[in-house]
Structure formats: C-alpha cells, structure tokens
Amino acid sequence: MSGLMSNAEVREIGVAETGFVRRSDPDGAAIAYRTYGKHRPGVEHVLLAHGSLQNSAVWSKHGYIAQLSQQYRVTTIDVRGHGASEKPNHPGGYSVASSVRDVCAILDHLGIRRTHYIGYSLGGRIGLTLAATAPERLTSLVVAGSSHRPQRGAVDVLIFPNAVRVVEELGLVAFVDGWEAHRGQQMGSGFRTTIEALGQCGLAALLRQWDAEPGVAEDALLQIETPTLFFAGSEDPMRLAESREAAVRMPRAYFAMLEGCNHGQTVTMRERILDRAEAFFRLSEFSDIEKLRVAG
C-alpha cells in the first residue's frame with residue numbers, strides 16, 4: 001500500500017491533517033503522519049504505531065480510528081520503511097531508537113506534549129523504548145503482540161527460517177515463496193506491496209536490523225513507571241511469555257490474554273483490545289494507582 005487514503009475514506013473517518021516530518025539530524029527520514037478528529041481544548045491524544053511490513057492503514061481497516069476518534073485526537077504514523085515514509089537502504093536506518101526519535105519529532109510538530117500510545121509488534125517495541133527513554137511524552141502505553149527482549153532469532157521464528165539470507169542472496173520472489181511455504185498460504189496484498197516498495201536492499205536492511213535490536217535492558221524495564229497494558233494471543237507463545245514477563249517486572253503494568261489468537265491476528269482484535277484500552281486510558285490518569293487490575 002502507498003499509505004494514502006481515498007477521498008471517500010478521508011471524508012468517512014475525518015482526517016484533520018496529513019504530512020511528513022523529517023528530523024534535521026543525519027539519521028532523519030521523511031515520516032508520514034495523519035491526525036483524525038478535531039483538536040479541541042481538553043481532548044486527549046492517542047498515537048497508533050503499526051507492526052513490521054504493515055502501514056498505518058491497518059488501524060482504519062480494523063476500526064481503531066473510527067472508534068477512537070469519537071473521543072480522542074488520533075495520530076497515526078507510517079514507521080520508517082513502511083507506507084508513505086522514506087525507506088533507508090542500510091540497517092541502522094531502521095533502528096527502534098531512530099523510530100522513537102521520529103515519534104518525538106511528530107509529537108513536537110503537532111504540539112502534543114503527552115499522548116496515550118497503542119503499538120502492535122514493531123510499534124510496541126517502539127513504545128516500550130519510548131517509555132524507557134522519554135517517559136514524559138506518554139500518558140499511558142498499550143503494547144500488543146510485542147516484546148522488550150533482544151530480537152536475535154525473532155525473524156526466523158516470526159517470518160521463516162533463514163529469511164534474512166534468502167532475501168539478501170535470492171531476492172524478493174524467493175522471500176515471498178519462503179513466506180508462503182512456511183505458512184501454507186499466499187502472502188496478503190498489503191505485505192506484498194510493502195516488501196515490493198522496500199525492494200531487496202531495503203527489506204534486507206530492515207530484517208537485518210530487526211534481528212539485531214537489543215530490546216529494553218532489564219534495569220531500564222524495571223524503572224518504567226508509565227502505566228502499561230500488554231496484550232498477547234494465546235497462540236503466540238513467544239510474545240505471550242515475553243509480555244507476561246514484562247508485565248510482572250514493570251511496576252505499573254499488567255497483562256490481558258487474547259484467547260485463540262496468534263501473532264498475526266492480534267491487531268485484528270480491535271473490540272477486545274479497545275474495550276480494555278479505553279478504560280485503561282481513563283484509569284491511568286490517577287497517579288496513586290500502583291498496580292491496575294482488569295479481568296483478562
């Protein structure tokens with residue numbers, strides 16, 4: 001997908017602003033964003049960050065924007081390398097730390113001091129790193145199907161074994177073939193469009209950096225005071241274990257399981273996620289709540 005929406009979609013959802021933000025430092029890249037809903041005094045903000053090989057359209061596709069924009073000013077981003085955002089050709093261009101700086105630059109550009117944040121998979125890692133390094137920008141954090149752990153080996157588990165080598169040595173067609181053989185089904189059109197836009201060099205760089213990500217260090221995780229809600233599917237064993245582990249260690253975090261849900265299905269669980277997340281947004285305003293407890 002290009003990340004752009006049709007005129008009909010814009011009218012239906014109510015896009016207030018679209019644009020690009022590029023940081024001035026050498027690692028800057030043009031990052032696409034959109035805002036939804038009217039910016040009125042007293043209205044809180046929610047920022048949505050998608051997963052790897054997706055783009056911000058996933059949030060409108062599954063109804064998040066239509067629901068959230070009724071009460072909040074909503075901002076979506078295309079994480080670097082995805083959608084309409086710029087696509088670096090070197091691994092460092094895809095570091096989570098760079099994406100955290102992108103998020104802060106967009107918040108600054110929009111005049112948003114603090115925001116609620118919902119991140120799926122890659123977006124969740126960006127959110128956790130933001131909570132560890134710039135907690136003053138977050139009111140609350142919702143992490144779905146993600147991990148604080150170092151990512152070495154995660155590409156082989158979540159994509160397919162030797163995926164990085166396949167794309168580097170054999171190209172995009174072989175990557176698609178490996179994906180489909182591993183899952184026993186065709187790659188969706190959205191994923192296919194994303195990897196074609198990245199090209200062989202861009203996709204290889206993204207996957208290489210993903211596999212090298214250091215995660216959030218244990219001592220930093222223990223210090224995160226941002227109210228945080230983790231979701232993971234019962235059929236997503238790696239992210240299930242890691243989300244529970246993080247929720248136990250973080251002083252103001254807790255966990256809700258999505259029954260019968262695998263990693264790829266997590267973002268589609270909008271009703272189950274937002275029913276809890278919107279209540280969490282309201283509760284997180286109370287600084288004297290030490291450990292929130294909501295039925296999973």
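These numbers were taken from a predicted model, which means no experiment stands behind them.

Caption draft 1: Examining the packing of aromatic side chains more closely. Counting across every chain of the model gives six aromatic pairs. Ring geometry for Phe160 and Phe175: centres 5.5 Å apart, planes at 45°, overall tilted. In this pair, Phe160 is assigned in the loop between α6 (154-158) and α7 (163-170) and Phe175 in helix α8 (residues 172-183), connecting sequence segments 15 residues apart. Connected via pairs of aromatic rings, a cluster forms that spans Phe160, Phe175, Trp179 and Phe191.

Caption draft 2: Up close: the nonpolar core. In this structure, Ile77, Tyr117, Ile126, Leu130, Phe230 and Met250 are the most contacted members of the largest nonpolar core, which totals 39 residues. Of all elements in the fold, only β2 (31-36), β3 (45-49), α4 (96-110), α5 (122-133), β6 (138-144), β7 (228-233), α11 (237-249) and β8 (253-258) reach the threshold of two or more residues within this core. Other than its neighbours up to four places away in sequence, Leu130 contacts Val100, Val103, Cys104, Tyr117, Pro135 and Leu138. Val46, Tyr64, Ala144 and Ala256 belong to the second-largest nonpolar core, a separate cluster that totals 28 residues.

Caption draft 3: Region of interest: the domain arrangement of the chain. Segmenting the chain into domains produces domain 1 (15-150 + 214-281) and domain 2 (151-212). Relative placement of domain 1 and domain 2: their C-alpha centres are 22 Å apart. At the interface, 21 residues of domain 1 touch 21 residues of domain 2. Between domain 1 and domain 2, roughly 1700 Å² of surface is buried when both sides are summed, and carbon and sulfur atoms account for 67% of that area. The interface formed by domain 1 and domain 2 holds four residue pairs in polar contact (both at pLDDT 80 or more) in total. Classifying every residue of the side of domain 1 that touches domain 2 by side-chain character gives seven nonpolar, ten polar and four charged.

Caption draft 4: Fine view of the pairing of β7. The buried fraction of β7 is high, at six of six residues. Here β7 shows two buried faces, one formed by Thr228, Phe230 and Ala232 and the other by Leu229, Phe231 and Gly233. Bridging between β6 and β7 involves four bridges; their strand directions are parallel. Pairing of Val142 across the sheet is with Leu229, part of β7. In terms of strand pairing, β7 meets β8 through six bridges, oriented parallel. Bridge pairing in β8 links Thr228 to Ala253. In the classification by handedness, the crossover that spans β7, the intervening α11 and the parallel β8 is right-handed.

Quick notes on the rules
- Within each chain, residues carry numbers counting from 1 in the order of the written sequence.
- For this predicted model, a pLDDT threshold of at least 70 governs which residues receive local features, and a threshold of 80 or more governs which side-chain atom pairs are given and counted, while totals over whole chains, interfaces and linings are taken from all residues.
- Hydrogens and waters are ignored; side-chain quantities use all the structure's heavy atoms.
- Here a pair means two rings of Phe, Tyr or Trp (six-membered ring of Trp) with centres within 6.5 Å. Their orientation is stacked below 30 degrees between planes, edge-to-face above 60, and tilted elsewhere.
- Only DSSP runs of H or I with at least four residues qualify as helices, and only runs of E with at least two residues qualify as strands; both kinds are numbered from the N terminus onward.
- Among buried residues, those of type Ala, Val, Leu, Ile, Met, Phe, Trp, Tyr and Cys that are joined through side-chain atoms within 4.5 Å constitute a nonpolar core.
- Only protein chains enter the accessibility calculation, which uses a 1.4 Å probe; a residue is then buried when its area is under 20% of its type maximum, exposed when over 50%, and partly exposed in between.
- Between two residues, a contact is recorded if the distance between any of their heavy atoms is within 4.5 Å.
- Source of the domain bounds: an automatic or database domain assignment.
- Accessible-area loss on putting two parts together, using a 1.4 Å probe and summing over both, is the definition of buried area adopted here.
- Whenever two N or O atoms come within 3.5 Å, that pair is a polar contact, provided that in protein one can donate a hydrogen and the other can accept it, and provided that, for residues adjacent in sequence, both atoms are side-chain atoms.
- Polar here means any residue other than Ala, Val, Leu, Ile, Met, Phe, Trp, Tyr, Cys and Pro, which are nonpolar, and Asp, Glu, Lys and Arg, which are charged; Gly is therefore polar.
- Here, any two strands with at least 2 DSSP bridges between them count as paired.
- Here is how to tell: hold the view so the strands point away, follow the path from the first strand over the helix to the second, and if it runs clockwise the crossover is right-handed.

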